[in-house]
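Chain residues, written in single-letter form:
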Amino acid sequence: MTPKWVVKTVQALDDYKLLITFHYDEKKIYDMKPLLEYNIFKPLKNIVFFNTVHTDGCTVVWNEEIDIDPECLYNEGISV
């Protein structure tokens, strides 16, 4: 059985937010702004780079170095 927190699709929204659709078609909005002060996430302040977000079939990623735990996205995201 696939965990409910597996990311199916992701879309960058305004103001450093992500619209995430999880495996069972549940949608949540995740606010990235609080994370942008951490060194690993600082490159995402470049909005062009931020908008390159995509899924690797499990979570959201930007490149080989920047991703986020999908359980965190699911648990802390706001349902829509």
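In the block above lies the structure referred to throughout.
Residues numbered from 1 in each chain as written. Predicted model: local features only at pLDDT ≥ 70, side-chain atom pairs only at ≥ 80, totals over all residues. Heavy atoms only, no water.

**Quick look at the sheet that holds strand S2 (residues 17-22)**
The strand order S1-S2-S3-S6 describes an open sheet built from four strands, whose pairing is antiparallel. Among the strands making up the open sheet, the edge pair consists of strand S1 (7-13) and strand S6 (78-79). Two elements, S2 and strand S3 (residues 27-31), share five bridges in a ladder whose sense is antiparallel. Residue lysine 17 lies in a different strand from S3, and its bridge partner there is aspartate 31. (Pairing = 2+ DSSP bridges. Helix = DSSP H or I, 4+ residues; strand = E, 2+ residues; numbered from the N terminus.)

**Overview of the nonpolar core**
Counting residues in hydrophobic clusters, the biggest one holds 20 residues, and the most contacted among them are Leu18, Ile20, Met32, Val60, Trp62 and Ile68. Where this core is concerned, the elements lending two or more residues are S1, S2 and helix H2 (70-76). Broken down by element, the residue count for this core peaks at three residues, all from S2. (Core = buried A, V, L, I, M, F, W, Y, C linked by side-chain atoms within 4.5 Å. Buried < 20%, exposed > 50% of the residue type's maximum accessible area, 1.4 Å probe, protein only.)

Interpretation in functional terms is not warranted from these geometric data alone.
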